[in-house]
Amino acid sequence: NFIKGFVQTLSDNFPERLKRLAIYPFPWYGRAIWSLVRVFVDKRTQEKVLLISHSGKGLPKEITDIVDPSEIPECCGGTDTRPIIDLETTLADRVSDVISSNES
């Protein structure tokens with residue numbers, strides 16, 4: 001009951017920011033996990049979650065309906081050829097730079 005009350009309090013008091021959540025590729029065992037988790041998620045939020053399993057070639061239509069393939073990296077089936085940024089390393093480098101400049 002605590003978790004359900006906590007989630008309800010959050011959903012009642014904070015503005016919605018999620019338009020759509022698409023999880024792809026979604027593994028077969030994920031549906032079992034989702035069925036347990038969704039009990040604690042507000043009905044409006046549940047309706048925004050799109051779980052996509054796909055075993056065919058290329059991107060599934062559900063993905064291309066919401067994201068242009070040119071915005072998806074080639075390694076994930078899209079056509080974007082820009083290098084993928086390692087966010088963790090980039091942030092660590094920037095934090096290091098800030099700390100170094102503050103020590104000077």
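Just so it is clear, the model here is predicted, and its values are computed rather than measured. (Residues numbered from 1 in each chain as written. Predicted model: local features only at pLDDT ≥ 70, side-chain atom pairs only at ≥ 80, totals over all residues. Heavy atoms only, no water.)

Draft legend 1. Representation of the overall build of the protein. A tally of helices and strands in the protein yields 5 helices and 2 strands. In the protein, the succession of α and β elements from N to C terminus is α-β-α-α-β-α-α. Here the C-alpha radius of gyration of the protein, 19 Å, is well above what a compact globule of 104 residues would show, namely 13 Å. By principal-axis analysis of the C-alpha atoms, the protein measures approximately 50 × 40 × 25 Å. When the 104 residues of the protein are sorted by exposure, 14% land in the buried category. In the form shown here, the protein has an accessible surface area of approximately 8600 Å², with 58% of it arising from carbon and sulfur atoms. Averaged over its 13 positive side-chain charges, the protein has a centre that lies 11 Å from the centre of its 15 negative ones. (Helix = DSSP H or I, 4+ residues; strand = E, 2+ residues; numbered from the N terminus. Rg over C-alpha atoms; globule rule 2.2 N^0.38 Å. Buried < 20%, exposed > 50% of the residue type's maximum accessible area, 1.4 Å probe, protein only. Areas by Shrake-Rupley, 256 points an atom, 1.4 Å probe, with all protein chains shown as cover. Lys, Arg positive; Asp, Glu negative; His and termini not counted. Charge placed at Lys NZ, Arg CZ, Asp CG, Glu CD.)

Draft legend 2. Representation of the environment of glycine 5 in the model. Among the structural elements, glycine 5 can be located in helix α1 (residues 2–13). Residue class for glycine 5 comes out partly exposed when judged on its relative accessible area of 32%. Through-space distance from the C-alpha of glycine 5 to that of phenylalanine 40 is 8.7 Å; in sequence the pair is 35 residues apart.

Draft legend 3. Looking closely at the packing of aromatic side chains. Under the defined criterion, the tally for this structure stands at 1 aromatic pair. With centroids separated by 5.6 Å and ring planes inclined at 85°, the aromatic side chains of tryptophan 28 and tyrosine 29 adopt a geometry described as edge-to-face. (Phe/Tyr/Trp six-rings, centres within 6.5 Å; stacked < 30°, edge-to-face > 60°.)

Draft legend 4. Unusual backbone geometry, seen in detail. The step from tyrosine 24 to proline 25 runs through a cis peptide bond, and the omega angle for that step is -10°. Positionally, proline 25 belongs in the loop between β1 (21–23) and α2 (30–37).

Draft legend 5. How the structure looks around the side chain of aspartate 42. With respect to the helices and strands, the residue aspartate 42 is situated in the loop between α2 and α3 (43–46). You can call aspartate 42 buried: its relative accessible area is 16%.

Draft legend 6. Up close: a negative patch on the surface. Residues Asp86, Glu88, Asp93 and Asp97 make up a contiguous surface patch of negative charge. Topologically, aspartate 97 is positioned in helix α5 (residues 87–103). On the basis of relative accessible area, aspartate 97 is assigned to the exposed category, the value being 52%. (Patch = residues over 30% accessible without salt bridge, like charges linked within 9 Å, V, L, I, M, F, W, Y side chains within 5 Å. Salt bridge = Lys/Arg side-chain N within 4 Å of Asp/Glu carboxyl O.)

Draft legend 7. Structural view of α5. With 17 residues, α5 extends 24 Å between its outermost C-alpha atoms, agreeing within 8% with the 24 Å of an ideal straight helix rising 1.5 Å per residue. Sitting at the amino-terminal end of α5 is aspartate 86, which places a side-chain oxygen 3.3 Å from the backbone nitrogen of glutamate 88. (Expected span 1.5 Å × (residues − 1). Polar contact = N/O pair within 3.5 Å; in protein donor to acceptor, adjacent residues only side chain to side chain.)

The quantities given are spatial measurements derived from coordinates; they are silent on function.
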